[in-house]
Amino acid sequence: KPAFAPVTLADLPIRDDLRGRSPYGAPQIDVPVRLNTNENPYPPSPELAEDLAEAVRREALSLNRYPDRDALALREDLARYLGHGLGPEHVWAANGSNEILQQILQVFGGAGRSALGFEPSYSMHPIITVGTGTRWIAGARDEDFGIDPDAAVAAIEEHRPDVVFLTSPNNPTGTALPLETVERVAKAAPGIVVVDEAYFEFARAGTPSALTLLPEHPRLIVSRTMSKAFAMAGTRLGYLAAHPAVVEALQLVRLPYHLSTLTQAAARVALAHAKELLGTVDALRAERDATVEWLRAQGLEVADSDANFVLFGRFADRRAVWEGLLEQGVLIREVGPPQWLRVTIGTEDEMAAFRAALTRVLTRVP
Ligand code: PMP
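Residues numbered from 1 in each chain as written. Predicted model: local features only at pLDDT ≥ 70, side-chain atom pairs only at ≥ 80, totals over all residues.

In the nomenclature of an unreviewed UniProt entry, the protein is known as Histidinol-phosphate aminotransferase of Thermopolyspora flexuosa. What UniProt records for the protein under Cofactor (unreviewed entry) is the sentence "pyridoxal 5'-phosphate". (UniProt positions renumbered as here; feature names shortened; annotations may be inferred.)

### Some words on the pairing of strand β10 (residues 309-313)
Among the 5 residues in β10, 4 count as buried, and that is most of the element. With 2 bridges connecting them, strand β9 (residues 301-302) and β10 associate as antiparallel partners. When the sheet's bridge partners are listed, E301 is paired in β10 with G313. Hairpin connection of β9 to β10: 6 residues between the antiparallel strands. Taken together, the 4 bridges between β10 and strand β12 (residues 341-344) define a ladder with antiparallel strand orientation. Along β12, the bridge assignment pairs L311 with R342. (Buried ≥ 20, exposed ≤ 12 C-beta atoms within 10 Å, placed from the backbone. Helix = DSSP H or I, 4+ residues; strand = E, 2+ residues; numbered from the N terminus. Pairing = 2+ DSSP bridges.)

### Some thoughts on the site of the ligand
Residues in contact with the ligand amount to 13 residues; listed here are only the nearest, G96, S97, N98, T225 and S227. Class assignment of the residues belonging to the shell around the ligand gives a composition of 3 nonpolar, 9 polar and 1 charged. (Near = placed C-beta within 6 Å. Nonpolar A, V, L, I, M, F, W, Y, C, P; charged D, E, K, R; others polar.)

### Looking at the sheet that holds β12
Strand order in this open sheet of 3 strands is β9-β10-β12, and the pairing throughout is antiparallel. Each edge of the open sheet carries a strand with a single partner, namely β9 and β12.

### A word on the sheet that holds strand β8 (residues 238-241)
If you trace the 7 strands from one edge of the open sheet to the other, you get β2-β8-β7-β6-β5-β3-β4, paired in mixed fashion. In this open sheet, the two edge strands, each paired with only one partner strand, are β2 (91-94) and β4 (135-140). Each neighbouring strand pair of the sheet contributes to a mean axis angle of 25°, computed without reference to strand direction. Bridge count between strand β3 (residues 114-119) and strand β5 (residues 163-167): 2 bridges; the pairing is parallel. For A115, the partnering residue across the bridge sits in β5 and is V163. Taken strand by strand, helix α5 (residues 149-159) contacts β3, β4 and β5, and its axis lies near 155° from that of β3. (Axes fitted to C-alpha atoms, helices over the stretch in contact; angles between N-to-C directions. Contact = placed C-beta atoms within 7 Å.)

### Digging into the domain arrangement of the protein
Looking at the protein, the domain boundaries give domain 1 (28-44 + 279-364) and domain 2 (46-272). Each of domain 1 and domain 2 has a C-alpha centre, and the two are 26 Å apart. Every contact between the two is made by 22 residues of domain 1 and, on the other side, 21 residues of domain 2. When residues of the side of domain 1 that touches domain 2 are traced back to their parent elements, those giving at least two are α10 (281-297) and β10. Grouping the amino acids of the side of domain 1 that touches domain 2 by side-chain chemistry returns 11 nonpolar, 6 polar and 5 charged. (Domains from an automatic or database assignment.)

### Description of the environment of Q251
Residue placement: Q251 occurs in the loop between α7 (244-250) and α8 (261-272). The spatial distance from the C-alpha of Q251 to the C-alpha of P178 is 31 Å, given a sequence separation of 73 residues.

### What to know about the pairing of β8
What you see with β8 is no split at all: G238 and L240 on one side and Y239 and A241 on the other are buried throughout. Sheet topology places β2 next to β8; 4 bridges connect them, and they run antiparallel. Residue A93 lies in a different strand from β8, and its bridge partner there is Y239. As defined by bridge partners, strand β7 (residues 220-225) adjoins β8 across 4 bridges and the pair is classed as antiparallel. Bridge pairing in β8 links T225 to G238.

### Here's the deal with unusual backbone geometry
In this chain, E119 is followed by P120 through a cis amide linkage whose omega measures 5°. Tracing the sequence through the fold places P120 in the loop between β3 and α4 (124-131). Even without a glycine there, the phi angle at N38 is positive, about 60°. Inspection of the secondary structure puts N38 in the loop between β1 (33-34) and α1 (46-60). Even without a glycine there, the phi angle at F145 is positive, about 70°.

In structure tokens form, the structure reads like this:
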């Protein structure tokens, strides 16, 4: 092998605004119980895998050609899944909702522009914001991790951000927002409002989606993903619903043929099996509610959750708790406010392993 010059990241001519920053880095550790990245723990059935293989076999015969640049058939399927009278012209798809968010920031953010979010929230919102040369403004959430509408409107009036992020249910807290809060923000915001509904399918019954607000708010965007409830994290398929003009605007920055033929085909097969894939959501919700109850019974503080994870604390030394669990083969996430930890809801057996491991850790860690 040739010897490479001893150069470090700091020696490279990277942009000043990226210096000293850390990449997104949920540890990918191979342990028996992985409860750290909010995936659905139930894999697709062998029948679904068969249908996927068949779709890939069919598409393989034309892989010498570029994919449908506009992913029209997939957008039709996604619009049908969303309902609310939406059509393909209201829907856009990309490689995970992270790419959706990046495209939004590329069009509506950028140099000299700003984006506001309410922390603690999804760590990629500021990372994508800064990555697109946009200035990040950190707004605050209440003690109970909700957003006070008056404070949100005041922050918007003070900063006049080009993009506002609302995450509902919020990651890592699990907090869902009342529709009135979204509406107040949408009315006050001078620019785009993104409601990140990655975990919407896990919300408790009766939680309304911001999709209902789209017709009256042309600068509102609702983003969703197939990575969570849909149990398709490996497929990398995220999407949004918005006014057709917004979808048109995104075409200005999307790379040509960004969504591979195989991704489009796999996502369509998954949508055709929506009933099976979403069939685990009720069980996961029940397991979540039981987990919240159990953690509270241990005397811990637990945030109410409308998602497939639970934020709990408080620990003087959360790192010790995280490590204590990892030593027993249970990987959770060290994320959120300093004294809290987040556990993704797994299968019944995985949650039993989590409870057993945490019980042991709590006897020795304060
Ligand atoms: N939004 C939120 C709130 C998330 O938690 C995640 C995944 N952790 C995403 C978006 C991105 O997911 P994906 O790119 O897999 O769609």
